[in-house]
Amino acid sequence: MREALTEARAAAAAGEVPVGAVVVLEGEIVGRGHNTTETEHDPTCHAEINALRDASKRLGRLRLTGCDMYVTCEPCAMCAGAIVLARVQRLFVGTPDPKAGACGSLRNIVCDERLNHRVELTTGVLQEECAAELKDFFRALRSK
């Protein structure tokens, strides 16, 4: 999660909402990403999507079976769906997102038994640090 926080800080430095994600296979980071929606003018460039794309390219495969993902903020519905489609094994989430979270807050896509793949979910990993990144970013934004 510390590496995901590093990605979140890179997003904040670029003026993006500070969310970061990493994909790990057998203890090694194989994908990294942070929010680039503003920079890329693309609503799909969330940290999780960027990390999944990076991992898929590096590994040369669509399915990320056996991989874990660490993300600083609870994924939205789009990202949760992509995590399921990529067949990520385990998802570790920093802080919840009560307004858009789709891994327990508003719904729980990654654990939905109606889908053909479910992700093992762990929440609250370095929650205070992950939440602080978001709070500090939005506090600074409001003060401008």
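See the structure above.
Residues numbered from 1 in each chain as written. Predicted model: local features only at pLDDT ≥ 70, side-chain atom pairs only at ≥ 80, totals over all residues. Heavy atoms only, no water.

## Focus: the packing of aromatic side chains
Within a pair of aromatic rings, the relevant descriptors are the distance that separates the centres and the angle that separates the planes. Quick note on the threshold: Only rings of Phe, Tyr and Trp enter the pairing, Trp through its six-membered ring, and a pair is recorded when the two centres are within 6.5 Å. The plane angle decides the type: under 30 degrees is stacked, over 60 is edge-to-face, the rest tilted. In DSSP terms, a helix is any run of H or I states spanning at least four residues, a strand is any run of E spanning at least two, and both are numbered starting from the N terminus. Only protein chains enter the accessibility calculation, which uses a 1.4 Å probe; a residue whose area is less than 20% of its type maximum is buried, one above 50% is exposed, and one in between is partly exposed.
Following the criterion strictly, the structure yields 2 aromatic pairs and no others. Plain terms: the ring middles of Tyr70 and Phe92 are 4.6 Å apart, the flat faces sit at 10 degrees to each other, and that makes the pair stacked. In this pair, Tyr70 is assigned in strand 3 (residues 67-73) and Phe92 in strand 4 (residues 90-95), connecting sequence segments 22 residues apart. Classification of Phe92 by relative accessible area gives buried; the value is 15%. Taken together, a centroid distance of 5.2 Å and an interplanar angle of 80 degrees make the contact between Phe137 and Phe138 edge-to-face.

## Looking at the layout of surface pockets
We apply this condition: Put plainly, a pocket is an open set of points on a 1 Å grid over the protein atoms alone with protein on both sides within 12 Å along at least five of seven lines, a cavity is a set where a 1.4 Å probe fits but cannot get out, and a lining residue has an atom within 4 Å of a point. Grid points are joined across faces, edges and corners, and a volume is the space filled by probe spheres set on the points.
Looking at the largest pocket, its volume works out to about 540 Å³. Along its surface, the largest pocket is lined by 19 residues, and Val17, Cys73, Asp97, Leu134 and Phe138 are the ones closest to its centre. Per element, the largest residue contribution to the lining of the largest pocket is 4 residues, and it comes from helix 5 (residues 127-143).

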